[in-house]
Amino acid sequence: MKNWIYAILSNRMVLWLILIINIFGTIYGYYWYKGQLEITPLQFILFVPDSPTASLFFVIALAGIMMGRNFGLFEALAVVSLFKYGIWAVVMNLFSFIVDGSFSLIALMLILSHAAMALEGLLFAPFFRVKPWHLVTAAIILVHNEIIDYVFGMMPTYSVLYLYMDEIGYFTFWLSILSIGVGYLATVWDKRTIYTLPSR
């Protein structure tokens, strides 16, 4: 089963399709944050659009392996941030439904696309070559971004969820720790699965 999946993921046409989907998803993600970015203080701009930035890390990492190169820091950032923000968005959209009972096609799209984000980082991790310092740097960036969100109030806006910012911040902290652990197992652990993309 695993070999069959990676035979598909090693196909250049499939890689190009995934790359293009992620490029357009990244662009749409930044557009989705347009309203919040317009009222965000300049010094926090880089830290607000979490999911599209995670997707951008993956685009750079995937483009690298398609060119026969490994950008270890971007690969580490991609794995931990795709997992964190993918899971986070799924949970927040479900939580939003529980709190105010609202659910829409957009919410469903966000749940499915972010679940795919969390999965794709893990699926491509065997192609990545991450060194411990890459993961440590990615972990620092991940936690620093969380401080910006919940200490300085730059958390993504989700309906009435601002009423639960303390609880969400606590959940997000432990999700970050989980994401770093998952990143370690997927990219640094010496028993991890490793694949090499075939040359052209």
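Parameters and conventions
- Residues numbered from 1 in each chain as written.
- Predicted model: local features only at pLDDT ≥ 70, side-chain atom pairs only at ≥ 80, totals over all residues.
- Heavy atoms only, no water.
- Axes fitted to C-alpha atoms, helices over the stretch in contact; angles between N-to-C directions.
- Helix = DSSP H or I, 4+ residues; strand = E, 2+ residues; numbered from the N terminus.
- Parallel < 35°, antiparallel > 145°, perpendicular 65-115°, else oblique.
- Left-handed = near helix turned anticlockwise from the far one by under 90°.
- Contact = heavy atoms within 4.5 Å.
- Nonpolar A, V, L, I, M, F, W, Y, C, P; charged D, E, K, R; others polar.
- Patch = residues over 30% accessible without salt bridge, like charges linked within 9 Å, V, L, I, M, F, W, Y side chains within 5 Å.
- Areas by Shrake-Rupley, 256 points an atom, 1.4 Å probe, with all protein chains shown as cover.
- Salt bridge = Lys/Arg side-chain N within 4 Å of Asp/Glu carboxyl O.
- Buried < 20%, exposed > 50% of the residue type's maximum accessible area, 1.4 Å probe, protein only.
- pLDDT = per-residue confidence, 0-100.
- Expected span 1.5 Å × (residues − 1).
- Arc of directions from axis to C-beta.
- Core = buried A, V, L, I, M, F, W, Y, C linked by side-chain atoms within 4.5 Å.

Description of the packing of helix α5 (residues 72-100) against helix α7 (residues 132-151)
In step 1: Running from N to C, α5 and α7 point in directions that differ by 40°, and their axes come no closer than 8 Å. When the axes of α5 and α7 are compared, the pair comes out oblique. In terms of crossing hand, the pair formed by α5 and α7 is right-handed. Residues Gly-72, Leu-73, Ala-76, Leu-77, Val-80, Ser-81, Lys-84, Tyr-85 and Trp-88 of α5 lie in contact with α7, whose contacting residues are His-134, Leu-135, Thr-137, Ala-138, Ile-141, Leu-142, Asn-145, Glu-146 and Tyr-150.

Overview of the packing of α5 against helix α6 (residues 105-124)
In step 1: Viewed as axis vectors pointing N to C, α5 and α6 meet at an angle of 155°, and their least axial separation amounts to 7 Å. Judged on the interaxial angle alone, α6 and α5 are roughly antiparallel. For the crossing formed where α5 meets α6, the hand is left-handed. Residue-level contacts link Val-79, Leu-82, Phe-83, Tyr-85, Gly-86, Ile-87, Ala-89, Val-90, Asn-93 and Leu-94 of α5 to Ala-107, Leu-110, Ile-111, His-114, Ala-115, Met-117, Ala-118, Glu-120, Gly-121 and Leu-122 of α6.
In step 2: Its residues assigned to classes, the contact of α5 with α6 comprises 15 nonpolar, four polar and one charged.

A look at the environment of Asp-166
In step 1: With respect to the helices and strands, the residue Asp-166 is situated in helix α8 (residues 165-187).
In step 2: Asp-166 sits 15 residues away from Val-151 along the chain, and the two C-alpha atoms are 9.8 Å apart.

Quick look at a nonpolar patch on the surface
In step 1: Side chains of Leu-94, Phe-97, Ile-98, Phe-103, Leu-105, Leu-108 and Leu-112 sit close together on the surface and give an oily, nonpolar patch of about 740 Å² of accessible area.
In step 2: Secondary-structure elements contributing two or more residues to the nonpolar patch are α5 and α6.
In step 3: Examined against the element boundaries, Leu-94 turns out to sit in helix α5.
In step 4: Residue Leu-94 is classed as partly exposed on the basis of its relative accessible area, which comes to 41%.

Considering the pattern of salt bridges
In step 1: Enumeration over the complete set of coordinates arrives at two salt bridges.
In step 2: Here Glu-146 ties to Lys-84 by a salt bridge, and the two come within 3.3 Å at their closest N and O atoms. Taken together, the residues Glu-146 in helix α7 and Lys-84 in helix α5 connect sequence positions 62 residues apart. Comparing Glu-146 with Lys-84 shows no difference in burial state: the two are buried.

Details of the confidence of the model for the protein chain
In step 1: Confidence along the protein chain averages 92 in pLDDT terms, with 98% of residues attaining 70 or more.
In step 2: Of all helices and strands in the protein chain, the one with the weakest mean pLDDT is helix α1 (residues 2-9) (85), whereas helix α4 (residues 50-66) scores best (97).

So, helix α2 (residues 12-32)
In step 1: Over its 21 residues, α2 extends 30 Å from the first C-alpha to the last, a length consistent with the 30 Å expected when each residue adds 1.5 Å.
In step 2: Turning to α2, its buried residues are Leu-15, Ile-18, Leu-19, Asn-22, Thr-26 and Gly-29. Taken around the axis of α2, the buried residues stretch over an arc of 100°, which confines them to a single face. Opposite the buried face of α2, by more than 90 degrees, sit the exposed residues Met-13, Leu-17, Ile-21, Phe-24, Ile-27 and Tyr-31.

Things to note about the nonpolar core
In step 1: Of all hydrophobic cores here, the largest spans 35 residues; its most connected members are Phe-58, Leu-62, Phe-124, Phe-127 and Phe-128.
In step 2: Of all the secondary-structure elements, those providing two or more residues to this core are α1, α2, α4, α5, α6, α7 and α8.
In step 3: Discounting residues that sit within four places of it in the chain, Leu-62 has contacts with Leu-15, Ile-18, Leu-19 and Phe-124.
In step 4: Trp-88, Ala-89, Tyr-150 and Ile-168 belong to the second largest nonpolar core, which has eight residues in total.

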